[in-house]
Amino acid sequence: MKKILLIAQRDLVTTVSNKGFLFGLFILPLMIGLAIFFGPRLLSASRSPQIVGRVAVMDPTGQVLPELRSTLSTSAIKARQEENARRTLADVPEANRAMAEQGIRAAQGSVPDLTIVERPADTSVDAEKQALSSVNAADRPLALIVIHRNAVQRTDSAGEFGTYDLYASKALDDGTETVIYQSLSDALVRLRLGAAKLDQQQVDTMTGVKRPSSTIVTAAGEQRAQRKFMQFLPFM
């Protein structure tokens, strides 16, 4: 009996003194706790200031510009962010949702304030692009958008839709370019569905497939996987 206790004591000391054991027991939980506590604060501190500027648009269709004024407004951008956050959080377990939401809000950044400036569709694109490199900031737009003539309605019923060309100044950051893309995508999709006499809400309902949380099955029982939540740890 004494030998068994000595062996057990030796194994315990060996295990406890192992670096991997100590890391998993103390360091890893501490790192996760620090990431959850300080992550959102660091993101908030490093968040870029709000982008304010003008976006020039050449629209030969005459249809995209009015719709883009709506989808590129600050209220529409905020609503889109809220909807994206809602869809993402729907896949996160309820117990972890509050922390995940905190991480999402911190990572979203500020909403840009963009003003659309209509440019004549028959103007030379090269001439309009020159303004993007102007040394005078007051004359320099953030970007120039050139809508394709077949962006709303295809010239060939069997062909593809056109899209747009984007020319950027050096002041346009990645986040604002993404906002412009999302706003143009929303505008073009609405116009295409309207031209085809299709209801967008009905199309969204039919094409949306909610991804369920997987259930891990073991000999000890079942439990919900939390893979979606783990994706937010780098942002917390």
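Computed from a prediction, not measured in an experiment: that's the story for all the values here.

J.: Give me the lowdown on the overall build of the protein chain, citing residues and values where you can.
T.: Summing up its helical and strand segments, the protein chain has nine helices and six strands in all. Within the protein chain, the fraction of its 236 residues that count as buried is 26%. Taking all contacts inside the protein chain whose residues are at least 6 apart in sequence as the whole, residues at least 24 apart take part in 69%. Approximately 15,700 Å² of the protein chain is accessible, and the part contributed by carbon and sulfur atoms is 56%.

J.: Can you tell me about helix α3 (residues 64–71), naming the residues and giving the values?
T.: Since the α-helix advances by 3.6 residues per turn, residues separated by three or four positions end up pointing in the same direction. By the burial criterion, the buried members of α3 are Val64, Leu65, Leu68 and Thr71. Projection of α3 onto a plane perpendicular to its axis shows the buried side chains occupying an angular sector of 120°, all on one side. Of the surrounding secondary structure, the elements contacted by the buried residues of α3 are β1 (52–58), α4 (74–89), β2 (113–119), β3 (143–147) and α7 (174–195).

J.: Requested: an account of the side chain of Arg80, with residues and values cited.
T.: Tracing the backbone shows Arg80 in helix α4. If sequence neighbours within four positions are ignored, Arg80 has contacts with Thr71, Val179, Gln182, Ser183 and Asp186.

J.: Give me the packing of α3 against α7: which residues, what numbers.
T.: One way to put it is that α3 packs onto α7 with a least axis distance of 9 Å and a crossing angle of 130°. Comparing their axes, α7 and α3 come out oblique. Crossing handedness for the pair α3 and α7: right-handed. Along its contact with α3, which presents Val64, Glu67, Leu68, Ser70 and Thr71, the element α7 presents Ser183, Leu184, Asp186, Ala187, Leu188, Arg190 and Leu191. Partitioning the contact of α3 with α7 into residue classes produces six nonpolar, three polar and three charged.

J.: Which residues make up the nonpolar core, and what values go with them?
T.: In this structure, Val57, Ile145, Ile147, Ile180 and Leu184 are the most contacted members of the largest nonpolar core, which totals 23 residues. Secondary-structure elements contributing two or more residues to this core are β1, α3, β2, β3 and α7. In this structure Leu184 touches Val64, Leu68, Ile145, Ile147 and Tyr164, once residues within four positions along its chain are discounted.

J.: Account for the packing of α4 against α7, with residues named and values stated.
T.: At a minimum axis distance of 11 Å, the contact between α4 and α7 shows a crossing angle of 90°. Classified by the angle between their axes, α4 and α7 sit roughly perpendicular to one another. Counting all contacts with α4, which are made through Ile77, Arg80 and Asn84, the residues of α7 involved are Val179, Gln182, Ser183 and Asp186. The residue makeup of the contact of α4 with α7, split by class, is two nonpolar, three polar and two charged.

J.: Before we move on, can you summarise the sheet that holds β3 with the specific residues and values?
T.: On the basis of which strands lie adjacent, the open sheet formed by four strands has the order β2-β1-β3-β4 and mixed pairing. Only two strands of the sheet have a single neighbouring strand rather than two, namely β2 and β4 (164–168). Here the average twist between neighbouring strands, direction ignored, is 20°. When β3 meets β4, the two strands line up antiparallel, connected through five bridges. Bridge pairing in β4 places Val146 opposite Asp165.

J.: How would you summarise the layout of surface pockets if you had to cite specific residues and measurements?
T.: Any empty space left between the atoms is revealed when a probe the size of a water molecule rolls over them. Approximately 440 Å³ is the volume attributed to the second largest pocket. Lining the second largest pocket are 15 residues, with Arg80, Arg87, Asp186, Gln200 and Asp204 positioned closest to its centre. Among the elements of the structure, α4, α7 and α8 (200–207) are those that each provide at least two residues to the lining of the second largest pocket. The element contributing the most residues to the lining of the second largest pocket is α4, with six residues. Here the lining of the second largest pocket is built from residues that sort into five nonpolar, four polar and six charged.

About the criteria used
Residues numbered from 1 in each chain as written. Predicted model: local features only at pLDDT ≥ 70, side-chain atom pairs only at ≥ 80, totals over all residues. Heavy atoms only, no water. Helix = DSSP H or I, 4+ residues; strand = E, 2+ residues; numbered from the N terminus. Buried < 20%, exposed > 50% of the residue type's maximum accessible area, 1.4 Å probe, protein only. Contact = heavy atoms within 4.5 Å. Areas by Shrake-Rupley, 256 points an atom, 1.4 Å probe, with all protein chains shown as cover. Arc of directions from axis to C-beta. Axes fitted to C-alpha atoms, helices over the stretch in contact; angles between N-to-C directions. Parallel < 35°, antiparallel > 145°, perpendicular 65-115°, else oblique. Left-handed = near helix turned anticlockwise from the far one by under 90°. Nonpolar A, V, L, I, M, F, W, Y, C, P; charged D, E, K, R; others polar. Core = buried A, V, L, I, M, F, W, Y, C linked by side-chain atoms within 4.5 Å. Pairing = 2+ DSSP bridges. 1 Å grid on protein atoms, 1.4 Å probe; cavity = no way out; pocket = protein on both sides within 12 Å on 5 of 7 lines; lining within 4 Å. Points joined across faces, edges and corners; volume = space filled by probe spheres on them.

Keep in mind these numbers describe shape, not what the thing actually does.
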